[in-house]
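Given next are the chains, with one letter for each unit.
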Amino acid sequence: MTRALYPGTFDPMHNGHLDIAQRAASIFAEVIVGVYHSPPKKLLFSTDERVDLARAALVHLPNVTVVSFFGLTVECAREVEANVIVRGLRNVADYQFESQIGLANRHLAPEVELCCLVCGTEYTYLSSTIVKEVAGLSGDISAWVVPPVAVALSERFAATRPVPAPDGQSKSEGVSKTRGKMSYHG
Ligand code: ADP
């Protein structure tokens, strides 16, 4: 039986991730989505929240389960007895990154194969970063995420959205001062 591990940050899971999980679920007997506990990235959602949102997005796929993991991806693959690591490709940049990491992983765990699946054309521009940035600016993300993820994003940003001050300046409550890509001002 071929069991695949689909690892990632999933902060949060969007429809591009879902597309890859569905493709993997149609190829492999079992797919385990591994939510990386502490990637070197600034996160919006906790590990438990990312796991819950991934479960909500994948609930219709009976051969897919979600776990969280800490440490090396290949060690997680060994732990869950996966013989394949699945990753998604959007473009050449993803290919370059994944082939490099894939070769390092092969060195560490030669028994674990890498399978890169190309996403649907409608997801090639999609990333968790874009989803978060548009959601943070109150944009419509309904085509990009499942409803529970949209609700979680809306609740998270409602708690941190800048409150306009009487003098016209906005008071930021926990919002990063870094200028985002999706607003051409600031
Ligand atoms: P990581 O930090 O491991 O890159 P991500 O959550 O960003 O975690 O991505 C997890 C996996 O999903 C990676 O294989 C990534 O290439 C893939 N992925 C990200 N965005 C998309 C997308 N729009 N379509 C298909 N696959 C994607």
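This text follows the structure it describes.
Residues numbered from 1 in each chain as written. Predicted model: local features only at pLDDT ≥ 70, side-chain atom pairs only at ≥ 80, totals over all residues.

1. Quick notes on the overall build of the chain
As a reminder of what qualifies: Runs of E in the DSSP output that reach at least two residues are strands. Runs of H or I that reach at least four are helices, and both are numbered from the N terminus. With C-beta atoms placed from the backbone, a residue is buried if 20 or more other C-beta atoms are within 10 Å of its own, exposed if 12 or fewer are, and partly exposed between those counts. C-beta atoms are placed from the backbone for every residue, and two residues are taken to be in contact when these atoms lie within 7 Å.
Within the chain, the regular secondary structure consists of six helices and seven strands. N-terminal to C-terminal, the α/β element order of the chain is β-α-β-α-β-α-β-α-β-α-α-β-β. Each of the 186 residues in the chain was classed as buried or not, and the buried ones make up 31%. Sequence separation of at least 24 residues holds for 71% of the intrachain contacts in the chain that already meet a minimum separation of 6.

2. Some points on the site of the ligand
Put simply, the rule reads: Each residue gets a C-beta atom placed from its backbone. If that atom is within 6 Å of a molecule or strand, the residue is near it. For this classification, Asp, Glu, Lys and Arg are treated as charged, while Ala, Val, Leu, Ile, Met, Phe, Trp, Tyr, Cys and Pro are nonpolar and the rest, including Gly, are polar.
Neighbouring residues of the ligand: 17 residues in total, closest Gly8, Gly16, Arg87, Gly88 and Cys119. Here the shell around the ligand gets four residues from one element, more than from any other, and that element is helix α1 (residues 15-27). Partitioning the shell around the ligand into residue classes produces six nonpolar, seven polar and four charged.

3. Quick look at unusual backbone geometry
Residue Pro12 is reached from Asp11 by a cis peptide bond, and omega for that bond is -5°. Turning to its location among the elements, Pro12 is positioned in the loop between β1 (3-8) and α1. The phi torsion at Glu81 lies on the positive side, around 60°, for a residue other than glycine. On the basis of neighbour counts, which here come to 11 C-beta atoms within 10 Å, the residue Glu81 falls in the exposed class.

4. Structural notes on the nonpolar core
Rules: Each nonpolar core comprises buried Ala, Val, Leu, Ile, Met, Phe, Trp, Tyr and Cys residues, the members being joined through C-beta atoms within 7 Å.
Judged by nonpolar contacts, the single largest core of 41 residues is most densely connected at Leu5, Tyr6, Ala21, Ala24, Val31, Val33 and Ala54. When near neighbours in sequence (up to four residues on either side) are disregarded, Val31 contacts Ala4, Tyr6, Ala21, Ala24, Ala25, Asn63 and Val64.

5. Considering the sheet that holds strand β5 (residues 113-118)
Selection rule: Here, strands pair whenever DSSP counts at least two bridges between them. Angular values range over 0 to 180 degrees, each being the angle between N-to-C directions of two axes fitted as lines to C-alpha atoms, with helices fitted over their stretch in contact.
Strand order in the open sheet formed by five strands is β3-β2-β1-β4-β5, with parallel pairing between adjacent strands. Both edges of this open sheet fall to β3 (64-69) and β5, since each of them pairs with a single strand only. Neighbour-to-neighbour, the strand axes of this sheet turn through a mean angle of 30°, independent of strand direction. Pairing geometry for β1 and strand β4 (residues 84-89), over two bridges, is parallel. Along β4, the bridge assignment pairs Ala4 with Val84. Where helix α4 (residues 92-108) meets the sheet, it contacts β4 and β5, and its direction lies at approximately 165° from that of β4.

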